[in-house]
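# Report on the structure
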Amino acid sequence: VKTYMGGDNTPYFAAREDSTQDISNNTETQISLDTEIHDSDSAFASNTFTCPVGSAGYYFVAGQIDFYDSNSDMSTVIITIKQNSTIVSKLYADTDEVNSHMSLSVSAIVNLSEGDTLKLYGHAVTDDAGTWAAYGGEFGAMMHGFKLIT
């Protein structure tokens, strides 16, 4: 019986939004992740992680969005990670009329096949039906993940 673990957790990726993304009220929108922090297999591009050939399996994935509306209160915020078009993790929050920053994060373990994609989405409802912002930078919108050793 072997008593050690082997292998590595690749591919892995991490990307974040560098600036602020303005998003229309009550509209699910893919979050712009324009800065790659890590991308071991060059599998992250155009705000999307695509499972590389030969790398199918279980992955841990997490996302975060810093929601903000300076002009009005937000009554609802939703963060979602989708595998292809299927929701794999979603969090809904009733913000009770918050007019400031509110960060939400989600995570999941997903079984990816070659070519499957992972994307981060945000959705907020504002009292004035105006735009809201997904803040970027070091503590703003981001998504990261890695393959699990099984």
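Whatever comes next refers back to the structure up there.
Read on for an overview of the structure. Since this is a predicted model, take the numbers as computed values, not measurements.

### Description of the overall build of the protein chain
Of the regular secondary structure elements, the protein chain holds 0 helices and 13 strands. Per-residue burial over the protein chain gives 45% buried out of 150 residues. Contacts in the protein chain between residues far apart in sequence, at least 24 positions, make up 74% of those at least 6 positions apart.

### Some remarks on the side chain of threonine 35
Within the element layout of this structure, threonine 35 appears in strand 4 (residues 35–39). Engagement of the side chain of threonine 35 in a polar contact is seen with the side chain of aspartate 34, the distance being 3.4 Å. When sequence neighbours within four positions are dropped, the list of residues in contact with threonine 35 reads Ala14, Ala15, Arg16 and Asp18.

### Observations regarding the pattern of salt bridges
For the structure shown, the criterion picks out 2 salt bridges. Here arginine 16 ties to aspartate 18 by a salt bridge, and the two come within 3.6 Å at their closest N and O atoms. By relative accessible area, arginine 16 is classed as partly exposed at 22%. Its relative accessible area of 43% is what places aspartate 18 among the partly exposed residues. Glutamate 28 is the partner of lysine 82 in a salt bridge, and the nearest nitrogen-oxygen pair spans 2.9 Å.

About the cut-offs
- Residues numbered from 1 in each chain as written.
- Predicted model: local features only at pLDDT ≥ 70, side-chain atom pairs only at ≥ 80, totals over all residues.
- Heavy atoms only, no water.
- Helix = DSSP H or I, 4+ residues; strand = E, 2+ residues; numbered from the N terminus.
- Buried < 20%, exposed > 50% of the residue type's maximum accessible area, 1.4 Å probe, protein only.
- Contact = heavy atoms within 4.5 Å.
- Polar contact = N/O pair within 3.5 Å; in protein donor to acceptor, adjacent residues only side chain to side chain.
- Salt bridge = Lys/Arg side-chain N within 4 Å of Asp/Glu carboxyl O.

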